[in-house]
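One-letter residues, chain by chain:
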Amino acid sequence: MTCGVTPDERIIALQISARKPGQQWSAGNFITLARLIAERYRCRMFLFWSPGESSNPMHPGDDIKAEYITGLAAGYGLEAVPTRTLEELKAALSLCSAVVSSDGGAVHVAAALGLQVVALYGNSDPAHWHPWHVPHQTLRGSREHVNDISPEDVIRAIDPLINSSGEPGTGAWISASPASA
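Reading the values: rules and limits
- Residues numbered from 1 in each chain as written.
- Predicted model: local features only at pLDDT ≥ 70, side-chain atom pairs only at ≥ 80, totals over all residues.
- Heavy atoms only, no water.
- Pairing = 2+ DSSP bridges.
- Helix = DSSP H or I, 4+ residues; strand = E, 2+ residues; numbered from the N terminus.
- Axes fitted to C-alpha atoms, helices over the stretch in contact; angles between N-to-C directions.
- Contact = heavy atoms within 4.5 Å.
- 1 Å grid on protein atoms, 1.4 Å probe; cavity = no way out; pocket = protein on both sides within 12 Å on 5 of 7 lines; lining within 4 Å.
- Points joined across faces, edges and corners; volume = space filled by probe spheres on them.
- Nonpolar A, V, L, I, M, F, W, Y, C, P; charged D, E, K, R; others polar.

**Considering the sheet that holds strand S6 (residues 136–140)**
Line of reasoning, step 1. Pairing is parallel across the open sheet formed by 6 strands, whose spatial order is S3-S2-S1-S4-S5-S6. Only two strands of the sheet have a single neighbouring strand rather than two, namely strand S3 (78–80) and S6. Averaged over neighbouring strand pairs, the angle between their axes works out to 20 degrees when direction is ignored.
Line of reasoning, step 2. Pairing between strand S1 (residues 11–15) and strand S4 (residues 98–102): 4 bridges, direction parallel. Its bridge partner being in S4, Gln15 is matched across the sheet by Ser101.
Line of reasoning, step 3. Across the sheet, helix H6 (residues 151–162) touches S1, S4, strand S5 (116–121) and S6, and the angle it forms with S5 is around 155 degrees.

So, in structure tokens, the structure goes:
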């Protein structure tokens, strides 16, 4: 899987799925975040999600949510990248530089691949479940729900990761005229 990616491209992944309701960030938050990223950074954005229907009690999927987000955020350059298997998810994430995701399997797959991670926590403990051995930022909702975290909070968490010394955190990420500093 290459998704037409060149070696020098910077890609931020937005992973929208989480099993627990307290970990499910809203579609509106992801759409706003995509807009903020597009305004601030020179990069591509990939959208990832768990496949299937949200009504599946064993493994709820986000096909409908992903379609909705992609439809409204396509103008910001957000690209849907369907991954139906764990192998496909690993291959697609390996093309990325940073990941924004609620706490869950994708956070830990991203960390295992050495990616920078912004992890959103609702009713799980970031001190226990944070990404290991990679640059990361953790955010926790004030009422133990991720929807208490704003897209602006996430942008503030992304900044130190991609603007730190070393690759991929270089000035090349920042747009010539960011919308806000």
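The rest of the description comes next.
**Overview of empty space enclosed by the protein**
Line of reasoning, step 1. Under the definition given, this model contains 1 cavity of 30 Å³ or more.
Line of reasoning, step 2. If you add up the space inside the largest cavity, you get close to 30 Å³.
Line of reasoning, step 3. Considering the residues around the largest cavity, the lining is formed by Ala98, Val99, Val100, Val118, Ile158, Leu161 and Ile162.
Line of reasoning, step 4. Every element with two or more residues in the lining of the largest cavity is listed here: S4 and H6.
Line of reasoning, step 5. In terms of residue class, the lining of the largest cavity is built from 7 nonpolar, no polar and no charged.

**Some remarks on the environment of Asp63**
Line of reasoning, step 1. Along the chain, Asp63 turns up in helix H2 (residues 63–73).
Line of reasoning, step 2. Residues Asp63 and Ser17, spaced 46 residues apart in sequence, show a C-alpha to C-alpha distance of 9.7 Å.
Line of reasoning, step 3. Setting aside residues no more than four positions away along its own chain, Asp63 makes contact with Trp49, Ser50, Pro51, Gly52 and Arg84.

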